[in-house]
Amino acid sequence: MEAFLRTSLHWPRVCLAVCVSVSVPASSFALSRFSLSNPDGGQLVRDSSEAEAAHAFSRASHLSLSSLSPSLASQARAPRQTRVATQLKLYYLAGRSAAQDKARKLNVLTVQNVQKMAALEEELLSLPSWNSVCYREAGRAECATVLSALPYLRHATDTPSLHAAIDRMYEELDGGDALGEVNAGWFFEQQRPDGAPPRSRYESYALRSFVRLGTPLEGFLNAEDRSGKQDAWRMEMFLAPAEAVLRRTTREWDDARAASGADDAVGLLFAEQALYQAEYTQIIANDLLLTAGSAAAVFLVLWAYSSSAVLAILGLMQIVLSFPVAMFVYIVLFQIKLFGVLQVTAIFVLLGIGVPRARASPPCAPHLPRHARHHVLVHRPRAQALTTFSSSPAR
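Undergrad: I tried to follow the packing of aromatic side chains on my own but got confused; where do I start?
TA: Given two aromatic rings, their pairing is described by the distance between the two centres and the angle made by the two planes. Per the stated rule, a full pass over the model turns up nine aromatic pairs. Aromatic pair Y276 and Y280: ring centres 5.6 Å apart, planes at 35 degrees, arrangement tilted. Residue Y276 and its partner Y280 are located together in helix 10 (residues 273-306), separated by four residues, close to a single helical turn. Three or more aromatic residues link up through ring pairs in this structure, and these residues are Y91, W186, F187 and F210. For R208, the ring lying beneath its charged end belongs to W186, and the centroid distance is 5.4 Å.

Below, the structure written as structure tokens:
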């Protein structure tokens, strides 16, 4: 450290020139490789030069074809909504705690719960845009049946009639192809933990229903035809209103379960890829807005320490510029392609660690003599830049 400081003090211009000559090309190259894409959401892993070349050729072919209108790759017209685009997954649970989830001793198959679940699905299927987005089996004009046990159970009025309805459902689904390859046991969660014997067909800790949405939508040739626009329309027409209904229902059921104190009162969980991505992206965007507050706090700390707004701005700029340098080391030198949510927090880490690095010389206090303050203002930016750039790879 002593040798480093002695070299920096005696040869500041040379040290700064060396650091800049390394950091500027590294920053430029790192920025060209930077991406916020989520590997878990579909980013390809290209771990060899052959894989890189194959993916580049495939991507170039896709872009060249997609530039035509209509695309040569999507000339074939597919029947409307005859391919499953996504599924809105509904999970009805009897428990409301981790311990109950683990034990799975409660039963969601009660007449009252069945009526509530059936009313929810009926409300979803009565949304105005349902017919425009539902999945249709080939050769049929009407919407396909929702993958749900509730149409078989909803007319039960007491426990014996509910058990009879479950028996009829098993006979129909296990003995035919009413729902394709889905059998009656698919709807229920009847397995017990720790090797306990399975529950009877009349008891289940959870019940699942899948609402299938179809593609292509009206006005599109097939599923690949402007798929992004189809996803946006599907979200606007059905998924967003359905999410509002599901969130309201979840609150109402949770409040009713808390008021009644009944352990087996039904609860609701739901999942859908587009809804998840929209909320996930919103959360990340909101968190990234906090970087503005972090940068402002860093600026104020540097300003208070240096007594100079100009030096504080220079220090903040140097901290921010160390990010592409660190990205170069991370991606190019270490060949780490992953850049997910955890890596986004590096922005906050750089801002936090960069403050002491930017404070490379004593503060420019107002009470110093004029010639001393002039010396600090002249030499401090070079010391700040040298320390920031030289320490950015370590960050």
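Undergrad: Sorry if this is basic, but what is going on with the sheet that holds strand 2 (residues 206-215) here?
TA: Strand pairs in the sheet, formed through backbone hydrogen bonds, run parallel or antiparallel to each other. If you walk across this open sheet you meet the three strands as 2-1-3, and the pairing is antiparallel. Each edge of the open sheet carries a strand with a single partner, namely strand 2 and strand 3 (267-271). Ignoring which end each strand starts from, the neighbouring axes of this sheet average 20 degrees apart. Against the sheet, helix 5 (residues 111-125) contacts strand 1 (83-93), strand 2 and strand 3, and its axis sits at roughly 155 degrees relative to strand 1.

Undergrad: What am I meant to see in the confidence of the model for the protein chain here?
TA: Detailed reading of the predicted coordinates is not advisable wherever pLDDT falls low. The share of residues in the protein chain with pLDDT of 70 or more is 71%, and the mean pLDDT across the chain is 77. Per-element confidence in the protein chain is highest for helix 5, whose mean pLDDT is 94, and lowest for helix 14 (residues 370-391), whose mean pLDDT is 51. Residue range residues 389-395 is modelled with pLDDT below 50. Its contacts to residues more than four positions away, or to other chains, number 19 contacts.

Undergrad: Please clarify how the pairing of strand 2 should be interpreted in this entry.
TA: Along any regular strand, the residues point their side chains to alternate faces of the sheet. The element strand 2 is largely enclosed, with a buried count of nine among its ten residues. Two strands pair when backbone bridges link them, and strand 1 and strand 2 are joined in this way by ten bridges, in the antiparallel orientation. Each bridged residue has a counterpart across the sheet, and for Y92 the counterpart in strand 2 is L207.

Undergrad: Could you clarify how one ought to interpret the environment of Y202 in this entry?
TA: Examined against the element boundaries, Y202 turns out to sit in the loop between helix 8 (159-174) and strand 2. When its relative accessible area of 25% is taken as the criterion, Y202 is described as partly exposed. Put simply, Y202 and A165 are 37 residues apart on the chain and 9.9 Å apart in space, counted from C-alpha to C-alpha. Once you skip the residues sitting within four places of it in the chain, Y202 turns out to touch N107, L109, H163, I166, D167 and Q190. Here the side chain of Y202 touches D167 through a polar contact of 2.8 Å, side chain to side chain.

Undergrad: Explain the pattern of salt bridges here, please?
TA: If the charged atoms of two oppositely charged side chains come close together, the side chains can form a pair. Summed over the entire model, instances satisfying the criterion amount to 14 salt bridges. Its salt-bridge partner being E218, residue R80 comes within 3.7 Å of it at the nearest N-O pair. Taken together, the positions of R80 in the loop between helix 3 (49-66) and strand 1 and E218 in the loop between strand 2 and helix 9 (227-260) put the pair 138 residues apart, joining distant regions of the chain. On the basis of relative accessible area, R80 is assigned to the partly exposed category, the value being 35%. Among the salt bridges present, the one from D167 reaches R201, with a minimum N-O distance of 3.1 Å. Highlighted residues: D167 in helix 8 and R201 in the loop between helix 8 and strand 2, separated in sequence by 34 residues. Residue classification places D167 among the partly exposed positions, given a relative accessible area of 22%. The structure contains a network of salt bridges with shared partners spanning E123, R248 and E252.

Undergrad: Honestly, the nonpolar core in this entry has me stumped. Any pointers?
TA: The nonpolar side chains of soluble globular proteins are, as a tendency, buried together. In this structure, Y92, L207 and F238 are the most contacted members of the largest nonpolar core, which totals 51 residues. A per-element tally of this core places helix 9 first, with seven residues. Non-local contacts of L207, meaning those with residues more than four positions away in its chain, are made with L90, Y91, Y92, V108, L109, M117, A149, L150, F187 and F188. Ranked by size, the runner-up nonpolar core spans seven residues in total, among them V298, L302, L316 and L351.

Undergrad: Whenever I open this one, helix 8 confuses me. Can you help?
TA: The α-helix advances 3.6 residues per turn, and as a result positions three or four apart in sequence lie on the same side. For helix 8, spanning 16 residues, the distance from its first C-alpha to its last is 22 Å, which sits close to the expected 22 Å at 1.5 Å a residue. All buried positions along helix 8 are accounted for by L162, A165, I166, M169, Y170 and L173. Seen from one end, helix 8 has its buried residues packed into an arc of 140 degrees, which puts them on one side. Turned more than 90 degrees away from the buried face of helix 8 sit P160, R168 and E171, all of them exposed.

Undergrad: Please clarify how the side chain of T250 should be interpreted in this entry.
TA: By secondary structure assignment, the location of T250 is in helix 9. Among the residues examined, T250 registers a relative accessible area of 16% and is labelled buried.

Undergrad: It is not clear to me how empty space enclosed by the protein should be interpreted in this structure. Could you clarify?
TA: Remark: the empty space left among the atoms is shown by a probe the size of a water molecule rolled over them. Applying the stated criterion across every chain yields a total of one cavity of 30 Å³ or more. A volume near 30 Å³ is recorded for the largest cavity. In this structure, the largest cavity is lined by W130, Y135, A144, T145, V146 and R212. When its residues are assigned to classes, the lining of the largest cavity shows four nonpolar, one polar and one charged.

Undergrad: Could you clarify how one ought to interpret helix 11 (residues 309-333) in this entry?
TA: A rise of 1.5 Å per residue sets the reference length of helix 11, with its 25 residues, at 36 Å; its end C-alpha atoms lie 36 Å apart and thus fit the reference within 8%. Of the residues trailing helix 11, Q335 is marked for its positive phi of about 55 degrees.

The rules we used
Within any chain, residue numbers begin from 1 and follow the written order of that chain's sequence. Confidence filtering applies because this is a predicted model: local features only for residues at pLDDT of at least 70, side-chain atom pairs given and counted only at 80 or more, and all residues used for totals across whole chains, interfaces and linings. Think of the side-chain values as coming from all heavy atoms in the structure, minus any hydrogens and water. Each pair of aromatic rings taken from Phe, Tyr and Trp, with Trp reduced to its six-membered ring, is defined by centres within 6.5 Å and is described as stacked if the planes are under 30 degrees apart, edge-to-face if over 60, and tilted in the remaining cases. Each helix is a run of DSSP H or I of at least 4 residues and each strand a run of E of at least 2, with the numbering of both proceeding from the N terminus. When the NZ atom of lysine or the CZ atom of arginine is within 6 Å of a ring's centre and also within 35 degrees of its normal, the charge is said to sit over that ring. Strand pairing is assigned whenever DSSP identifies at least 2 bridges connecting the two strands. Lines are fitted to the C-alpha atoms to define the axes, a helix being fitted only along its stretch in contact, and any angle between axes, read from their N-to-C directions, falls within 0 to 180 degrees. The contact criterion used is simple: two residues touch if any of their non-hydrogen atoms lie within 4.5 Å. Within a predicted model, pLDDT stands for the predictor's per-residue confidence, ranging from 0 to 100. For every residue, the accessible area (1.4 Å probe, protein chains only) is compared with the maximum for its type, and the residue is labelled buried under 20%, exposed over 50%, or partly exposed between those bounds. The definition of a polar contact used here is a pair of N or O atoms within 3.5 Å, where within protein one atom must be able to donate a hydrogen and the other to accept one, and adjacent residues in sequence count solely through side-chain atom pairs. When a carboxyl oxygen of Asp or Glu is within 4 Å of a side-chain nitrogen of Lys or Arg, the pair counts as a salt bridge. In plain words, nonpolar cores are sets of buried Ala, Val, Leu, Ile, Met, Phe, Trp, Tyr and Cys residues tied together by side-chain atoms within 4.5 Å. Under the convention used throughout, the expected extent of a helix is 1.5 Å for every residue step, that is, one less than its residue count. Read the arc as the range of directions from the helix axis to the C-beta atoms. Each cavity reported here is a set of points on a 1 Å grid over the protein atoms alone in which a 1.4 Å probe fits but cannot get out, each pocket an open set with protein on both sides within 12 Å along at least five of seven lines, and each lining residue one with an atom within 4 Å of a point. Grid points are joined across faces, edges and corners, and a volume is the space filled by probe spheres set on the points. Nonpolar residues are Ala, Val, Leu, Ile, Met, Phe, Trp, Tyr, Cys and Pro. Charged residues are Asp, Glu, Lys and Arg, and all others, Gly as well, are polar.

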